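Fold and contact review
Here's the letter readout for the chains.
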Amino acid sequence: MFLLVWSSDKAQQCGQTLEREFDQPVRIVANLEQACQELKANVFFAVLVDQLLCEAWPSQAEFVFQHLGSAAPITVNFAISDLDRIVRAVGTSLEQRKREMQIARRQACSALNADLKDDLTALFLSCGLGLQDPTMPVHATEKIRRIEEIAKHMKQTLLAEDVQEMTTAAHA
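Before going into details, it helps to say that this report is about the structure given with it. (Residues numbered from 1 in each chain as written. Predicted model: local features only at pLDDT ≥ 70, side-chain atom pairs only at ≥ 80, totals over all residues. Heavy atoms only, no water.)

1. Describing the overall build of the protein
On a plain count of helices and strands, the protein comes out with six helices and four strands. Counting only C-alpha atoms and orienting by the principal axes, one finds that the protein spans roughly 85 × 35 × 25 Å. (Helix = DSSP H or I, 4+ residues; strand = E, 2+ residues; numbered from the N terminus.)

2. A closer look at the packing of aromatic side chains
With the rule as written, the count across this model stands at three aromatic pairs. Their ring planes at 15° and their centres at 4.0 Å tell us that W6 and F78 sit as a pair that is stacked. Highlighted residues: W6 in the loop between β1 (2-5) and α1 (11-22) and F78 in the loop between β4 (72-76) and α5 (83-132), separated in sequence by 72 residues. You can call W6 buried: its relative accessible area is 9%. Through successive ring pairs, a cluster of aromatic residues spans F2, F22 and F45. (Phe/Tyr/Trp six-rings, centres within 6.5 Å; stacked < 30°, edge-to-face > 60°. Buried < 20%, exposed > 50% of the residue type's maximum accessible area, 1.4 Å probe, protein only.)

3. Here's the deal with the pattern of salt bridges
Considering all chains together, one arrives at three salt bridges under this definition. For R27, the salt bridge goes to E38, with nearest N and O atoms at 3.2 Å. In this pair, R27 sits in strand β2 (residues 26-29) while E38 sits in helix α2 (residues 32-41), placing the two residues eleven residues apart along the sequence. R27 sits in the partly exposed class, given a relative accessible area of 33%. Note on E38: relative accessible area 15%, which makes it buried. Among the ionic pairs, E100 bridges to R97, the shortest N-O distance being 3.6 Å. Remark: R97 and E100 occur in helix α5; sequence separation between them is three residues, near one turn of the helix. For E100, a relative accessible area of 37% corresponds to the partly exposed category. Classification of R97 by relative accessible area gives partly exposed; the value is 22%. (Salt bridge = Lys/Arg side-chain N within 4 Å of Asp/Glu carboxyl O.)

4. As for the sheet that holds β2
Read across the open sheet, the four strands follow the order β2-β1-β3-β4; overall the sheet is parallel. Strands with a single pairing partner mark the edges of an open sheet, and in this sheet they are β2 and β4. Direction aside, the axes of adjacent strands within the sheet are offset by 15° on average. The strands touched by α2 within the sheet are β1, β2 and β3 (46-50), with β1 carrying the most contacts at an inclination of about 165°. (Pairing = 2+ DSSP bridges. Axes fitted to C-alpha atoms, helices over the stretch in contact; angles between N-to-C directions. Contact = heavy atoms within 4.5 Å.)

5. Remarks on the packing of α2 against helix α4 (residues 58-66)
Packing of α2 against α4 leaves a shortest axis separation of 9 Å and a crossing angle of 15°. Taken together, the axis directions place α2 and α4 in an arrangement best described as roughly parallel. As α2 runs across α4, the sense of the crossing is left-handed. Side by side, α2 and α4 meet where L32, E33, A35, C36 and L39 of the first sit next to Q60, A61, F63 and V64 of the second. Of the residues assigned to the contact of α2 with α4, the class counts are seven nonpolar, one polar and one charged. (Parallel < 35°, antiparallel > 145°, perpendicular 65-115°, else oblique. Left-handed = near helix turned anticlockwise from the far one by under 90°. Nonpolar A, V, L, I, M, F, W, Y, C, P; charged D, E, K, R; others polar.)

In structure tokens form, the structure reads like this:
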């Protein structure tokens, strides 16, 4: 869903065009205060704000931009933009947001992967030390071996994901 913050009579036509072009419902509000209320009540894919409103009420505009969540912020000078230009601006912003989200996702996965590898290394060391203890009961040794097998499986899964990520990056 898109949020269109524009007080013009043309807002309805713009909203209909955006709905048709992006196959997304559009909520239209006339001012930044209403935009804040909508942002509190709903989740939006993109928020289009009239540049004139941002310049006239900068503190309210800043509040809106701070509360976007994962919505793509799009500031448009509606006074000089025709509908085609607005559609292109939205498309460009959404593509940029998609790329940013993909990069953030990859970075988060890489960080998690690195943390898991560190934890697995510690687990392997602990298992190895435990298995070297001659006083360890047989049933405890079996459990430690099982834990070590699970850790090896996890390591193989992580390594396979690394290979897949490198392959994907090479083809990008």
